Structures are given as C-alpha cells and as structure tokens.
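Working through the structure, step by step
The lines below spell out each chain.
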There are 2 protein chains.
Amino acid sequence: MEDNGYRKRKKLRQNGVVGPLLTDLYQITMAYAYWKSGKKKDVAVFDLFFRQNPFQGEFTIFAGLEECLKFLENFHYSESDIIYLKETLPSTIESEFFDYLKNLTAKDVTVHAIEEGSVVFPRVPLLRVEGPLIIVQLLETTFLTLINFASLMATNAARYRIAAGKQVSLLEFGLRRAQGPDGGLSASRYAYVGGFDGTSNVLAGKLFNIPVRGTHAHSYITSFTGTHDLHTKTLRHRVTGEEHDMLTLCQEWRKELAKHLETLTEEASDGELAALIAFAIAFPDGFMVLVDTYDVKRYYAVLLMHIFLFVHRSGLLNFCAVAMALNNLGYKALGIRIDSGDLAYLSNRARETFMLVAEKYDLPWFAKLTIVASNDINEETILSLNEQGHKIDCFGIGTHLVTCQRQPALGCVYKMVEINGQPRIKLSQEVGKVTMPGCKSAYRLYGANGHALIDLLQRSVENPPQVGEKVLCRHPFEESKRAYVIPTCVEELYKLYWKDGKICQTLPTLEGIRDRVQTSLKTLRQDHKRNLNPTPYKVAVSDELYNFIHDLWLQNAPIGELF
Amino acid sequence: MEDNGYRKRKKLRQNGVVGPLLTDLYQITMAYAYWKSGKKKDVAVFDLFFRQNPFQGEFTIFAGLEECLKFLENFHYSESDIIYLKETLPSTIESEFFDYLKNLTAKDVTVHAIEEGSVVFPRVPLLRVEGPLIIVQLLETTFLTLINFASLMATNAARYRIAAGKQVSLLEFGLRRAQGPDGGLSASRYAYVGGFDGTSNVLAGKLFNIPVRGTHAHSYITSFTGTHDLHTKTLRHRVTGEEHDMLTLCQEWRKELAKHLETLTEEASDGELAALIAFAIAFPDGFMVLVDTYDVKRYYAVLLMHIFLFVHRSGLLNFCAVAMALNNLGYKALGIRIDSGDLAYLSNRARETFMLVAEKYDLPWFAKLTIVASNDINEETILSLNEQGHKIDCFGIGTHLVTCQRQPALGCVYKMVEINGQPRIKLSQEVGKVTMPGCKSAYRLYGANGHALIDLLQRSVENPPQVGEKVLCRHPFEESKRAYVIPTCVEELYKLYWKDGKICQTLPTLEGIRDRVQTSLKTLRQDHKRNLNPTPYKVAVSDELYNFIHDLWLQNAPIGELF
C-alpha cells in the first residue's frame with residue numbers, strides 16, 4: 001500500500017455514489033452463511049426506523065433517501081471488490097459465492113419510503129425494504145450511514161431555522177470543523193435542506209447548487225499594516241465611470257464621522273482602513289466586512305492587563321467611512337460581520353450607529369445595513385439573543401451545526417419484521433426496543449385546522465383509514481391507552497420508490513426537498529416544535545396491529561414459571 | 001441540477017484527494033482583494049495550531065499530514081472550477097484574476113510540520129506554512145478540515161487504547177452512525193492510526209489496508225425459526241474429510257452440556273441453534289457468534305411483564321454445543337460476542353462456563369475462547385469495566401468513537417504570524433488567544449529517563465537548545481513562571497515536508513504512523529495520559545521569544561489612558 005489508498009479511492013469514487021463495499025464486514029459474512037445454508041430464496045421485510053428524536057426534541061426531518069436510491073441504482077460489486085473480498089474472507093469460502101456476488105444487483109428489492117424532507121417520528125419506519133433476504137440484509141449498513149447523518153443534520157438545521165425565525169438568514173460556516181472532507185459536504189447539503197440559506201463551502205455550492213457566501217477573515221485585516229499597504233487607491237464611479245481617490249475620500253469621511261460616532265480618529269486602525277478600502281475597491285457592490293479585528297483597546301503595563309471594551313469603535317468608524325465614500329461613488333455597502341463579544345449588545349450599538357448616520361445624511365438604506373453575527377453560535381445562543389433583543393439579520397453557524405455537537409449521531413436501526421411471510425418480533429427487556437412485526441402501512445391523520453393529529457401504523461392487509469370516519473388509535477404497548485380519531489384528511493406516508501431495478505418516482509430537486517421540510521413542519525403544532533419541553537407527537541397502531549403484536553408476543557413467551 | 005450533483009461529484013473525486021474548491025468562499029474573495037490591491041508578491045507565514053486538548057485530556061495526536069501533502073500535490077483549479085467561480089463571484093471581477101487562479105499551484109509554498117502520529121500540545125504549531133500570501137491563505141480551510149477531524153479521531157482512539165490496555169483488542173464498528181460515508185471512512189482510518197486493531201468497514205479495509213472484522217447480527221439469528229430452516233446439515237472433518245451430521249451432533253452435545261450448565265434444553269432456542277450450526281458450517285475455522293439474542297426469559301401475563309434475566313443461557317448452551325461438535329470434527333471455535341446487558345457480569349459468567357467445559361473435557365483452549373463485547377461502549381464504560389473486573393478480550397466500539405461524541409470537533413486554527421518579514425501578533429481579550437508572532441522553531445526536551453519534559457518554542461533565528469546545557473524555559477505570558485531545564489536529549493519537532501512543489505520526506509505507511517503514535521505516547525509521563533485530572537504538559541518559550549512577543553505587544557498597545 002505505498003500510496004495509502006489514494007489510487008484505489010480514485011477508482012472507487014468515480015461513480016460519485018457509494019458502492020456496496022461501504023458496509024460492515026458482517027453483512028458479507030452473513031450473506032455467505034445464508035447462501036451456504038440454502039437460504040438464497042428466502043425473502044424478508046426490513047424496517048428502517050429510529051426510536052428517539054434527536055436533540056431532546058419531538059420531531060425529526062427525514063433525509064438521505066435520494067442517496068439510498070442512487071446507491072441501489074449502482075449496487076454492483078466491481079472486479080476489484082471481488083478480488084479484495086476473496087483475499088479478505090476465509091479461504092474455505094466456495095468460489096461460487098463470489099460468482100453469486102458478482103452478479104448481484106438490487107433489481108429484486110422493493111423499497112417503500114416516506115417522502116424525503118418530511119417530518120417523521122419514532123417507530124414509524126422511514127423505509128420498508130422487501131426482497132431476497134441476502135440482498136436486503138446487505139443494504140443495512142449503507143442505508144443507515146446515508147440516512148442517519150443526513151436526517152440528523154437536516155433536523156438540526158430545521159431547529160436553528162425555528163429558533164431564528166423566518167426573517168433571519170442562516171449561513172453554514174462549518175467546513176473547517178466538520179468530520180472530514182465529505183462530513184463537511186454532507187453537512188452543507190443537509191443544512192440547506194433543513195432550511196439554511198447558504199454555505200461557505202465552495203465545493204458544496206458547485207456540487208449541489210447551494211448559494212455560497214463569504215467575505216474575509218481577520219487575517220485579511222491584519223495583513224494590512226497601514227495605508228502604505230494600499231497599492232490600488234482609485235475606484236471608478238458606478239455611473240459616470242470617473243476615477244476617484246478612495247483613500248483621500250475615506251480619510252475625509254473618517255474625520256467627519258468621528259465627531260458623530262464619539263470616536264477619536266487616532267483610535268481607529270489605519271491598517272484596518274486600508275484593508276477595508278482594498279476590499280471596497282475589489283467588491284464595490286459587495287462591501288460586507290468584519291469590524292471586530294481591533295475592537296478591544298488594551299492597556300499593558302508592568303505585568304498587569306487592564307481591558308476596556310470600546311465596542312468596535314475602530315471597525316465601525318472605518319466601515320462607515322468607507323461605506324459613505326462608496327455611496328459618493330454610486331455604490332451601496334452591504335453590511336458588517338461581528339465575530340466576537342456580546343452579540344446582542346454589539347448588534348444594537350451597530351444598528352444605532354447606522355441609524356444615526358442614516359438620519360444625519362438622509363440615507364434611509366444605511367439604517368438597514370445587514371448585520372451578520374458568527375462566533376460559536378448554537379440553538380441556545382440564538383434563543384438567548386432573541387430574549388435579549390438583538391439587531392442581527394444573519395447568523396453564520398459552524399461547529400455546533402455541522403458536527404451536531406449536542407447529539408452527534410442519530411440512532412436509526414434496520415430490523416427484520418418478516419421472513420418468508422412469517423412475522424418476526426424482536427423482544428427486549430426494554431419495551432421501547434420491541435419491534436413492530438410484519439409488513440405495515442403508515443398514515444398521518446389530520447384535523448380540521450390542517451394540523452397533523454397522529455401517525456397510525458396498520459398491517460398492510462388492512463383497509464386504510466377513511467376521512468370523516470372514526471379510527472381507533474391504540475398505544476402500541478399500553479392496553480389502556482386508546483382513542484378514537486376522526487380525520488379530516490388522511491395521508492398515506494409510504495410511496496413506492498424502488499422496484500424492478502428502477503427508481504419509480506420523479507425525485508425532487510434539493511430545493512424541492514428543502515421546501516418539503518418547511519411545508520411538512522407547518523402541519524406540526526407549535527408545541528411539538530418548541531425548544532423547551534415540547535409535547536410528544538403521538539404514534540399509534542390500529543386495533544388489528546395491536547392484537548397482532550400481542551398475540552405474537554404471547555406465542556414467543558418462553559416456557560417457564562409464571563411468577 | 002437534475003442529478004443533484006452526482007455527475008459533477010464523479011469528476012471531482014477522480015483524484016481521490018480533495019481539490020482547492022473544498023474551502024470557504026471567503027478564502028477566494030480574500031484572494032481577489034489581495035490580488036486586486038497589488039499584494040500578489042506579499043509573502044506570509046501562517047501557523048496551524050490548537051489551543052486546547054480535546055476530551056478534557058492533556059495530550060493530542062497529530063494526524064492528517066499526509067492528506068494535506070497530497071492536497072498540495074494536486075492543488076489546481078480545474079477548467080470547471082474556474083467556470084463555477086466565474087458564475088458565482090461578482091461580475092465586476094477582472095478576468096485576469098481567473099487566469100491567475102488557473103495557473104496557481106502550491107510550488108512556491110514551504111511547509112514544515114511535526115511528524116504525523118506524534119503526541120502534540122496546545123500552542124505548538126503543527127504546521128508552519130510559508131509562501132505567497134494569496135496561496136498560503138487559500139490553503140487554510142482545507143488544511144483545517146483535513147487535520148481537525150483526523151487528529152481528533154486519532155486522539156480519541158489513542159485514549160480508548162490507553163483505557164483498555166495493551167492486551168485487549170479494539171475494533172471500530174461505527175460506520176452506520178458516522179457523519180456521512182466519508183466521515184465513516186476517515187473514522188476507520190484514524191481509529192486505526194490511534195491504536196485500534198481493525199474495523200468493520202470493508203471499504204476502509206480495501207482502501208487503507210486495515211484489518212476488517214465481523215461475524216453476524218441479531219437478525220441473522222432470528223431469521224432461523226427452527227432446525228427445519230437448516231438446509232445444509234453436514235460438515236466434513238478437518239483432517240479426514242469424512243462428512244458428519246452437524247445437527248445431530250450438536251443436539252447430542254446440547255443435551256450433554258445442559259446438565260453441566262444448569263440450563264434446561266427446552267430453555268434454549270432451536271432457531272438460534274440452527275443459526276449457529278449454519279454459521280459453523282459456513283465458517284468452521286471462524287466460529288465467533290452472538291450469544292445474546294435470546295438472553296432474556298419473558299413471562300407475559302395480563303398486561304404485566306415480569307422479566308427474569310437468565311444470563312444468555314440459551315446462547316451460551318447453544319454456542320458450547322456447536323463448539324464441541326466442531327471440536328469433534330477437528331475445528332477450534334473462536335469465541336462469542338455479547339451485545340447487551342451487564343458486560344462485566346456476563347463476561348465473567350461466560351468465562352466460568354468456558355473454564356468449566358475446558359476442565360470437564362480436558363480442552364484447555366476452551367477456557368481461553370475470545371469474548372467480544374459491544375453495545376454503546378465509551379472510554380468511561382471501559383474504565384468502569386476495568387474497575388469491576390471483566391473477562392472481555394475485545395471491544396467493538398461504534399458511535400462514541402467515530403463521532404467523538406464527548407467532543408465532536410477539534411479547534412485547530414490557522415493564524416498569520418508574519419507578513420513580508422514583519423511579525424504579526426493577534427491580540428485578544430483572552431490572553432489564551434494571543435498568537436505567538438514570527439517564524440518559530442519547536443523543540444522537545446527529554447529527561448534522563450526518556451520522558452518528554454517540555455516543548456520549547458524559539459524564534460527560528462535562535463540556536464537550538466543543546467544537550468546537557470541549561471535552557472531557560474519561560475511561560476509565554478506569565479513573567480514570573482520560568483525554569484531552567486538541562487535536556488538529556490533534544491528533538492527538533494519540525495521537518496521540511498513540502499518545498500519547490502514536492503513532498504520532501506519519505507512518507508510512512510499507515511502502519512508506520514500507527515507505530516509512531518505508540519512510541520510517541522511512550523515518551524509521555526503516565527500522569528499526563530490518565531483519564532482523571534491529568535497533569536498538563538508544559539509548553540514554554542525561550543527568553544528571546546518571550547521578549548520578542550512582549551515588545552511587540554507593547555508596540556501594539558493602543559494610545560489611551562493607562563488606568
């Protein structure tokens with residue numbers, strides 16, 4: 001392995017989708033044991049579901065379906081995969097098994113699924129996978145890998161969107177802290193699906209057609225030490241084309257504005273001014289800059305350090321000076337980014353400054369300049385800023401979003417519920433881990449106000465619930481918990497997505513999935529969505545499914561003493 | 001975007017390494033502002049470092065260097081990258097800038113770095129990157145992405161290794177819960193680097209030549225409902241080749257062993273026995289199976305559920321029966337996996353059972369059968385199992401390992417420390433965030449017993465510390481903290497890895513990096529490595545660097561009142 005896998009990875013990634021080797025070895029080991037023991041023609045049904053909503057919330061966004069379908073489309077062991085497996089598995093394995101693998105595709109598999117981007121709940125299978133036991137078992141790990149993180153990220157992003165409200169822009173800035181290069185790509189993709197407006201990740205922009213955003217870092221500001229670092233000083237007027245000396249113009253504005261902003265011109269950094277002017281010359285229509293590089297005035301004497309906070313006076317003054325100079329030349333500045341300090345306080349001070357300048361020079365748009373905030377923001381920060389009252393128009397969010405720091409994994413599982421027409425139930429000490437046996441259908445029942453009331457699981461052989469008719473909804477395990485629901489609308493949750501080796505639905509664009517998230521969330525009552533102590537949404541089983549589960553449970557109870 | 005990026009991703013991943021578009025947009029925006037303002041010939045030095053060890057520990061493992069070097073080797077904007085950037089950036093951007101990008105490579109960059117796999121500490125730069133400002137700035141995000149997660153994972157894995165001890169095997173089982181497909185691949189790769197022995201991830205095995213491991217899931221057991229599901233019942237003797245009826249043999253052994261194991265034959269599941277026999281026939285030399293599918297005896301009556309735990313009697317009895325049958329045919333079973341319950345207690349009971357059978361039938365190897373434990377294990381679980389006393393030989397670890405649940409991101413940063421020969425210092429309210437200005441060298445000083453004493457940062461122009469000579473080591477910010485150290489050995493931490501467009505060191509194999517982790521950790525005193533309240537390892541600066549920092553700090557202190 002002189003090249004530590006680079007050359008091999010080159011070939012393997014050529015399809016852009018993952019292949020069947022992205023799995024746990026035990027799937028292949030089991031496949032051989034099944035094959036060897038004559039279970040090649042066994043057929044099974046597996047459910048893919050989770051048991052608990054992430055982030056102590058009461059809803060989850062389902063994502064990753066399209067990637068699963070692309071995986072099925074491309075499911076094929078390459079020549080080199082087979083060679084690797086032959087080297088890796090015990091030499092006692094019969095060579096016919098490898099011929100079997102070589103010809104294996106997903107054409108005999110059928111997949112029903114909930115629409116990608118839907119709000120989903122614990123225990124309701126997201127996917128129902130049917131087909132030959134060996135192949136449906138072989139899909140487990142890859143499906144889980146593709147759905148777990150996608151759904152977790154989309155849910156996390158949707159929560160940030162709920163916390164921030166509709167008016168605020170949300171940008172994903174997390175690439176540098178993501179879990180590996182493609183961890184970062186997946187994060188950008190599903191943050192967008194969950195409701196973010198853009199990403200800083202250029203490759204994600206190119207691959208997924210997501211809007212990309214970004215201006216500059218602190219190092220950009222500090223790379224200018226003074227106005228002598230400014231090699232290009234002129235900018236043409238937007239309309240007349242006449243060339244102007246930006247440096248002189250900005251210096252004049254700075255002197256003028258210093259009076260109103262209660263800042264001494266000497267307190268503002270000349271390096272910063274030069275950096276901002278250079279940025280304005282490069283992006284006269286896109287002047288959006290960091291203002292907190294020199295926010296802090298420091299007094300250093302004899303080993304003691306006294307810190308006085310002067311609210312970005314340097315940055316704000318310099319920004320306003322350059323923005324006014326741009327205005328003279330026919331350009332409108334966009335706004336500022338704050339990356340440190342007390343964001344509620346600082347955004348209010350910045351807004352006051354903008355309003356003051358707007359009034360003083362009769363430029364109403366100046367009052368509405370965009371204020372972007374970044375710096376280790378999470379859902380709680382946003383909620384706290386809301387309470388304090390802030391003037392932020394846009395949040396740039398990194399680590400907490402892309403690594404899902406609060407809960408970095410979703411626990412989707414993939415469980416067999418039927419084999420050769422026989423239902424299977426997994427019993428467990430924890431009643432929450434008992435699986436729902438058999439092939440099931442799922443319905444969402446809506447009330448008159450358009451809100452989702454309950455999700456109902458039934459046996460697939462049952463008739464669907466009818467609009468306007470009483471439906472008995474039962475708790476799956478507690479005999480006494482039951483209620484009648486009269487739905488105003490009944491939504492069948494499963495669609496057929498994969499059959500006979502083909503995707504059988506027109507797949508939505510990423511944009512379409514993103515819209516689905518918001519429309520689906522709208523059907524959910526506010527109390528299910530709130531951050532603090534949300535109300536659990538109910539998932540029920542039909543009376544027939546209830547009895548089916550509990551009969552099977554009794555049959556599987558072992559022989560022994562009763563008490 | 002009808003295909004949501006799949007076709008584009010296909011092309012982009014052909015190199016197997018990441019390209020220059022895997023970055024934040026602001027890097028490219030800054031590049032243009034620099035280019036436009038005539039800073040094309042500016043040269044800068046950046047340090048890549050972290051400020052705090054992860055997981056509340058006192059050490060970090062440095063990983064990801066090789067991926068950074070491959071990135072440099074392949075640094076090139078493709079035709080389609082340029083087209084995308086033209087579409088995305090403002091139309092006011094001069095077209096010569098895109099010509100400039102098109103011809104940009106990393107040939108003028110120089111990278112010094114610490115050896116991959118080394119133990120490293122806060123503030124000591126892992127990489128020192130020198131070259132034209134524009135290009136070294138453009139490397140920031142990608143370097144951080146490649147190093148942050150790799151180092152975090154390797155550190156996490158190394159911590160599990162320390163907790164588990166050298167005798168225990170560690171397997172990474174986390175693919176299904178990882179942050180996306182390549183999040184899973186990176187996790188497998190760097191878990192191995194950090195000291196794991198193998199992975200369940202087959203693709204990681206193929207790409208990185210990591211040992212792969214795995215047997216079967218619970219669904220495998222439950223897919224057999226009884227002995228009638230066993231289509232192949234015979235196995236040939238390992239030596240004589242004579243065919244034997246495994247089912248009958250196993251049933252006889254089960255009856256025989258039931259007496260000794262205090263289990264009723266009726267309590268054991270026939271479906272489980274069939275599954276184990278099928279597995280033994282498929283893998284007679286690799287008989288390692290789950291024994292906890294039917295661990296729990298349940299009594300279900302009138303809505304009340306009484307649970308009695310019978311310590312996997314079904315699984316243990318069935319396992320021992322099949323293992324003894326295999327022994328009759330000349331094969332040695334490998335062991336069992338336990339995936340639920342009280343792992344300390346259950347592993348002890350399993351070991352007792354194995355010892356009992358070993359003694360009863362005079363088969364000493366039976367007492368040493370491998371016991372693998374899985375089920376949501378983390379570092380604390382292992383430490384607690386150690387305290388309780390367990391008999392586990394191997395841990396399979398998933399979610400907590402691969403997502404680094406305890407702290408899912410490392411905070412490496414990339415800071416400018418010099419521009420055009422002028423040192424730059426980043427001041428901050430928090431003294432911990434003040435950067436060390438200028439081009440620096442780093443040394444590790446060792447004591448007589450071979451333990452690392454301290455890491456020392458110096459200005460690059462200084463002479464290196466000498467063996468046997470007093471070296472003044474100073475706290476970077478606290479004037480009173482200083483000490484003389486007389487090193488027995490001095491290690492220069494930086495090697496030149498990249499210059500003139502070429503990798504200038506022979507890169508180690510993954511195995512080599514993995515060995516480096518263990519040898520490097522060995523030089524670290526035990527108290528720095530322990531889980532509870534570890535002692536911080538000291539990082540110092542030379543007297544010259546101390547004065548250099550503080551002079552610069554004073555120069556940058558703003559004008560204002562002193563107190």
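Everything numeric here is computed off the predicted structure, so don't read it as measured data. (Residues numbered from 1 in each chain as written. Chains lettered and ligands numbered in written order. Predicted model: local features only at pLDDT ≥ 70, side-chain atom pairs only at ≥ 80, totals over all residues. Heavy atoms only, no water.)

Once that is clear, we can look at the overall build of chain A. Counting its secondary structure elements, chain A contains 20 helices and 25 strands. When its C-alpha atoms are laid out on the principal axes, chain A stretches across 90 × 65 × 55 Å. Sorting the 563 residues of chain A into buried and exposed places 62% on the buried side. Across chain A, contacts joining residues at least 24 apart in sequence account for 73% of those joining residues at least 6 apart. Only carbon and sulfur atoms are counted for the fraction: they give 49% of the accessible area of chain A, which is about 21,000 Å². Looking at chain A, you have 63 positive and 64 negative side-chain charges, and the mean spots of the two groups are 2 Å apart. (Helix = DSSP H or I, 4+ residues; strand = E, 2+ residues; numbered from the N terminus. Buried < 20%, exposed > 50% of the residue type's maximum accessible area, 1.4 Å probe, protein only. Contact = heavy atoms within 4.5 Å. Areas by Shrake-Rupley, 256 points an atom, 1.4 Å probe, with all protein chains shown as cover. Lys, Arg positive; Asp, Glu negative; His and termini not counted. Charge placed at Lys NZ, Arg CZ, Asp CG, Glu CD.)

Once that is clear, we can look at the UniProt feature "domain: Nicotinate phosphoribosyltransferase N-terminal" (unreviewed entry) in chain A. Following the UniProt record, the feature "domain: Nicotinate phosphoribosyltransferase N-terminal" (unreviewed entry) maps to residues 21–148 of chain A here. Structurally, residues 21–148 of chain A comprises 42% helix and 16% strand, and the distance from its first C-alpha atom to its last is 18 Å. (UniProt positions renumbered as here; feature names shortened; annotations may be inferred.)

Further remarks concern the sheet that holds strand β23 (residues 495–499) of chain B. Residue and element names in this part refer to chain B. A sheet is described by the order of its strands in space; here 7 strands give the open sequence β17-β16-β1-β5-β3-β23-β24, paired in antiparallel fashion. On the outer flanks of this sheet lie β17 (422–423) and β24 (502–503), each paired with one strand and no other. Across 6 bridges, strand β1 (residues 43–49) lies against strand β5 (residues 127–132) in antiparallel orientation. In the strand pairing of β5, Ala44 is matched with Gly131. (Pairing = 2+ DSSP bridges.)

In this structure, Asn209 of chain A is a non-glycine residue whose phi angle is positive, near 60 degrees. Looking at the element boundaries, Asn209 of chain A is found in the loop between α9 (202–208) and α10 (218–222). Judged by relative accessible area, which is 48%, Asn209 of chain A ranks as partly exposed. Of note in this structure, Asn533 of chain B is not a glycine but carries a positive phi near 45 degrees. Following the sequence through the fold, Asn533 of chain B ends up in the loop between α18 (526–529) and β25 (538–541).

Another aspect to go through is the pattern of salt bridges. All names here are of chain A. Counted according to the given criterion, the structure contains 63 salt bridges over all chains. Among the salt bridges present, the one from Asp197 reaches Arg161, with a minimum N-O distance of 2.7 Å. Remark: Arg161 occurs in helix α7 (residues 140–164) and Asp197 occurs in the loop between α8 (181–194) and β7 (198–199); sequence separation between them is 36 residues. What makes Asp197 partly exposed here is its relative accessible area of 28%. A relative accessible area of 9% places Arg161 in the buried class. Overlapping salt bridges bring together Glu115, Glu491, Lys495 and Arg516 as one network. (Salt bridge = Lys/Arg side-chain N within 4 Å of Asp/Glu carboxyl O.)

Quick look at the nonpolar core now. Counting residues in each nonpolar core, the largest one holds 373 residues, and the members touching the most others are Phe319 of chain A together with Phe319 of chain B. Phe319 of chain B has contacts with Leu276, Phe287, Val289, Val291, Ala333, Gly335, Ile336, Phe354 and Leu369 of chain B, leaving out every residue within four places of it along the chain. (Core = buried A, V, L, I, M, F, W, Y, C linked by side-chain atoms within 4.5 Å.)

Let us look at the sheet that holds strand β13 (residues 335–338) of chain A. Residue and element names in this part refer to chain A. An order of β7-β6-β15-β14-β13-β10 is seen for the 6 strands of this open sheet, with the pairing classed as parallel. Two strands close off the open sheet at either side, each with one partner strand: β7 and β10 (288–290). Pairing between β13 and strand β14 (residues 370–373): 4 bridges, direction parallel. Among the inter-strand pairings, Ile338 is bridged to a residue of β14, identified as Ala373.

Moving on, we come to the environment of Ala187 of chain B. All names here are of chain B. Residue placement: Ala187 occurs in helix α8 (residues 181–194). On the accessibility criterion, Ala187 (0% relative accessible area) is buried. A sequence separation of 215 residues divides Ala187 from Val402, and the C-alpha atoms of the two residues are 5.3 Å apart. Those residues within four positions of Ala187 in sequence are excluded, and the remaining contacts are Phe149, Met153 and Val402.

Moving on, we come to the pairing of strand β15 (residues 394–397) of chain B. Residues and elements named next belong to chain B. On β15, burial covers both faces: Cys394 and Gly396 on one face and Phe395 and Ile397 on the other are all buried. Sheet analysis places strand β6 (residues 169–172) next to β15, joined by 4 bridges and oriented parallel. Note that in β15 the partner of Leu171 across the bridge is Gly396. The parallel pair strand β14 (residues 370–373) and β15, bridged by helix α15 (residues 379–388), forms a crossover whose chirality is right-handed. (Right-handed = clockwise from strand over helix to strand, strands pointing away.)

Once that is clear, we can look at the packing of helix α12 (residues 270–282) of chain B against helix α13 (residues 313–328) of chain B. Two quantities define a packed helix pair, namely the angle between the axes and the distance from one axis to the other. All names here are of chain B. Running from N to C, α12 and α13 cross one another at 35 degrees; their axes reach a closest spacing of 10 Å. Considering only the axes of α12 and α13, their crossing is right-handed. Listed contacts from α13 to Glu272, Leu273, Leu276, Ile277 and Ala280 of α12 are Ser314, Gly315, Asn318, Phe319, Val322 and Leu326. Its residues assigned to classes, the contact of α12 with α13 comprises 7 nonpolar, 3 polar and 1 charged. (Axes fitted to C-alpha atoms, helices over the stretch in contact; angles between N-to-C directions. Left-handed = near helix turned anticlockwise from the far one by under 90°. Nonpolar A, V, L, I, M, F, W, Y, C, P; charged D, E, K, R; others polar.)

A separate point is helix α14 (residues 343–360) of chain A. Residue and element names in this part refer to chain A. Taking 1.5 Å of rise per residue, the 18 residues of α14 would be expected to cover 26 Å, and the 25 Å separating its terminal C-alpha atoms lies within 8% of that figure. Of all the residues in α14, the buried ones are Leu343, Ala344, Leu346, Ser347, Asn348, Ala350, Arg351, Thr353, Phe354, Val357 and Ala358. Of the surrounding elements, those touching the buried residues of α14 are α11 (246–260), α13 (313–328), β13, α15 (364–367), β14 and α16 (379–388). Near the N-terminus of α14, the side chain that reaches the backbone nitrogen of Ala344, with its oxygen 3.2 Å away, is that of Asp342. Immediately downstream of α14, the backbone of Asp362 shows phi near 50 degrees, a positive value. (Expected span 1.5 Å × (residues − 1). Polar contact = N/O pair within 3.5 Å; in protein donor to acceptor, adjacent residues only side chain to side chain.)

Residue and element names in this part refer to chain B. In contact at an axis separation of 9 Å, helix α3 (residues 65–73) and helix α7 (residues 140–164) are set at 150 degrees when each is read in the N-to-C sense. Our classification of the angle between α3 and α7 gives roughly antiparallel. In this structure, the crossing between α3 and α7 has a hand that is right-handed. Counting all contacts with α3, which are made through Glu67, Cys68, Phe71 and Leu72, the residues of α7 involved are Thr142, Phe143, Leu146 and Ile147. Residue composition of the contact of α3 with α7, by class: 6 nonpolar, 1 polar and 1 charged. (Parallel < 35°, antiparallel > 145°, perpendicular 65-115°, else oblique.)

Another point: the confidence of the model for chain A. Residues and elements named next belong to chain A. Across chain A, pLDDT averages 91, with 92% of residues at or above 70. Under a pLDDT of 50 for its full length, residues 296–311 has, in the predicted model, 45 contacts with residues more than four places off or in other chains. Confidence over residues 559–563 falls short of pLDDT 50; this stretch has 7 contacts with residues more than four positions distant or in other chains. As a predicted assembly, this complex carries a pTM of 0.93 together with an ipTM value of 0.92. (pLDDT = per-residue confidence, 0-100.)

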